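# Secondary and tertiary structure notes
This is what each chain is made of:
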Amino acid sequence: MKHEIKRTYRYRLYPNEAQKTELARTFGCSRWVYNWALETKTEAYYQDEESLSFTDLSGRLTSKKKRKRPSGCRRSVPSRSSKAFAI
């Protein structure tokens, strides 16, 4: 039997004030997009009995950004919200 060794590395960051501001904005935006995608996916499932894919969520996010642009948001966040529904 082959044993797998797992290692963990811990890092401590000491960002300056500008970096703290940028990190807070980035994490806040990612949190907003994740929550939006999860809410959209949940509503579609329970109201319309429809399962939204990553492509569906990305398209809806793009159209939402054209109306109200949440600057700095990442497109990879909807894919993480899809994992919340993984069985």
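Shown above is the structure to which this text applies.
Residues numbered from 1 in each chain as written. Predicted model: local features only at pLDDT ≥ 70, side-chain atom pairs only at ≥ 80, totals over all residues. Heavy atoms only, no water.

Moving on to a negative patch on the surface. On the surface, Glu 39, Glu 43, Asp 48, Glu 49, Glu 50 and Asp 56 cluster together into a patch of negative charge. Considering the arrangement of structural elements, one finds Glu 50 in the loop between helix H1 (17-48) and helix H2 (54-67). (Patch = residues over 30% accessible without salt bridge, like charges linked within 9 Å, V, L, I, M, F, W, Y side chains within 5 Å. Areas by Shrake-Rupley, 256 points an atom, 1.4 Å probe, with all protein chains shown as cover. Salt bridge = Lys/Arg side-chain N within 4 Å of Asp/Glu carboxyl O. Lys, Arg positive; Asp, Glu negative; His and termini not counted. Charge placed at Lys NZ, Arg CZ, Asp CG, Glu CD. Helix = DSSP H or I, 4+ residues; strand = E, 2+ residues; numbered from the N terminus.)

Looking now at H1. Here H1 contains 32 residues, and its C-alpha end-to-end distance of 45 Å stays within 8% of the 46 Å for a straight helix at 1.5 Å per residue. When we look at burial in H1, the residues that qualify are Cys 29, Ser 30, Val 33, Trp 36, Ala 37, Thr 40, Lys 41 and Ala 44. The distance from a side-chain oxygen at the start of H1 to the backbone nitrogen of Ala 18 is 3.1 Å, and the residue carrying that oxygen is Asn 16. Positive backbone phi, approximately 50°, marks Glu 49, located one or two places after H1. (Expected span 1.5 Å × (residues − 1). Buried < 20%, exposed > 50% of the residue type's maximum accessible area, 1.4 Å probe, protein only. Polar contact = N/O pair within 3.5 Å; in protein donor to acceptor, adjacent residues only side chain to side chain.)

Cys 29, Val 33, Trp 36, Ala 37, Ala 44, Leu 52, Leu 57 and Leu 61 form the largest nonpolar core, which has eight residues in total. Within the residue set of this core, elements represented by two or more residues are H1 and H2. When residues of this core are assigned to their parent elements, the largest contribution, five residues, is made by H1. (Core = buried A, V, L, I, M, F, W, Y, C linked by side-chain atoms within 4.5 Å.)

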